[in-house]
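Close look at the chain arrangement
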Amino acid sequence: MILTLTLNPSIDISYSLDQINLDTVNRVNKTIKTAGGKGLNVTRVLSEYGEDVEASGFLGGKLGEFIEQQLNNAQIKHNFFKIKEETRNCIAILHEGQQTEILEQGPSITKDEATEFKTHLTHLLKRAKVIAISGSLPKGLKSDYYADLIQLAEQHQISTVLDSSGQSLLDVLLSEYKPTVIKPNIDELAQLLQTKVTTEVECLKDAVNQPIFDGIEWIIVSLGSQGAFAKHRNKYYKVNIPHIEVVNPVGSGDSTVAGIASGLIHHDEDESLLKKANAFGMLNAMESQTGHINVNKFDEIFQQIEVIEV
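Residues numbered from 1 in each chain as written. Predicted model: local features only at pLDDT ≥ 70, side-chain atom pairs only at ≥ 80, totals over all residues. Heavy atoms only, no water.

**A word on the overall build of the chain**
- Regarding its fold elements, the chain presents 10 helices and 15 strands.
- The C-alpha atoms of the chain give 19 Å as radius of gyration, which agrees with the globular expectation for 310 residues (19 Å, within 12%).
- Viewed in the frame of its principal axes, the chain has a C-alpha envelope of about 55 × 45 × 40 Å.
- For the chain, the exposed surface amounts to about 14,700 Å²; the carbon and sulfur share of it is 45%.
- Of note, the chain has its 28 positive side-chain charges centred 4 Å away from the centre of its 41 negative side-chain charges. (Helix = DSSP H or I, 4+ residues; strand = E, 2+ residues; numbered from the N terminus. Rg over C-alpha atoms; globule rule 2.2 N^0.38 Å. Areas by Shrake-Rupley, 256 points an atom, 1.4 Å probe, with all protein chains shown as cover. Lys, Arg positive; Asp, Glu negative; His and termini not counted. Charge placed at Lys NZ, Arg CZ, Asp CG, Glu CD.)

The following block contains the structure:
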């Protein structure tokens, strides 16, 4: 089983307007409400691909119940830890070809809830083979909380995929316990190293070989339309992707994480794992719905992706 963690989920509300007018009433043409959060995007894609997946994290209040109902409707397994405060809303206003977002900060996790979640997770890890950890930390959790969760996973000999950024990622990289895979994009890589990083292969090789990444088995760097660059132990790969018609790129990184997790649980060879991960990301970008892939197009896209050892 693949376990996904979304510690700061949300109800993603999309409002569609012809145009937005400030300081007056705006009437919405279309409203969509979905269970949101990076880890839940990962979960949906894995479920659509047919993987055995279960979602967990923190949920609270009536909004948390809405998320559980959405997952039930999609027949997705879940086992969330319930908190006192309410799960957040995140609003996207689509207007005149633009997207304006209003994001609630979300609930604050108490010390007791933070501790009890680790016990909750320990029970879930008994059934898991791979764990995918995605997104931001909610208020109340220390920035090294992901490092604690990765330590638990390592104690259970479970492979981990971490898709985070900023201080929470840095704390993991500086800790004793390392994730199996990290998936920074090129901007996040430059931010971590506090230096410019280009798409040149030698520059990327130098970047992923910095001491901060010691002990991490896989580093997969997203290069957007230029594909990806990856290091697996002592091997390096450039992933070239075909041109596609992009409909909605939001969630493509999460879909890539889903592909990585799928590759890990099936012990895919390097080339197959990288092709699957990038195919999932591209398939998401070809759909209007975030965190969704058309599995019927998977083989076609998979065959067009080129992985070269460099």
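**Some words on helix H3 (residues 111-125)**
- With 15 residues, H3 ought to run about 21 Å at 1.5 Å a step, and its terminal C-alpha atoms sit 21 Å apart, in line with that.
- Residues of H3 that are buried in the fold lie against strand S1 (2-6), strand S4 (53-59), strand S6 (81-82), strand S9 (130-134) and helix H4 (145-155). (Expected span 1.5 Å × (residues − 1). Contact = heavy atoms within 4.5 Å.)

**Quick word on the pattern of salt bridges**
- Using the criterion set out here, one finds 10 salt bridges in the structure.
- Where Lys38 meets Asp163, a salt bridge forms, and the shortest distance between an N and an O atom there is 3.4 Å. Of this pair, Lys38 sits in helix H1 (residues 38-49) while Asp163 is found in strand S10 (residues 159-163), placing the two residues 125 residues apart along the sequence.
- Overall, the relative accessible area of 33% leaves Lys38 in the partly exposed class.
- A salt bridge links Lys77 to Asp52; the shortest N-O distance between them is 2.6 Å. In this pair, Lys77 is assigned in strand S5 (residues 77-78) and Asp52 in the loop between H1 and S4, connecting sequence segments 25 residues apart.
- Looking at Lys77, the relative accessible area reads 40%, which means it is partly exposed. (Salt bridge = Lys/Arg side-chain N within 4 Å of Asp/Glu carboxyl O. Buried < 20%, exposed > 50% of the residue type's maximum accessible area, 1.4 Å probe, protein only.)

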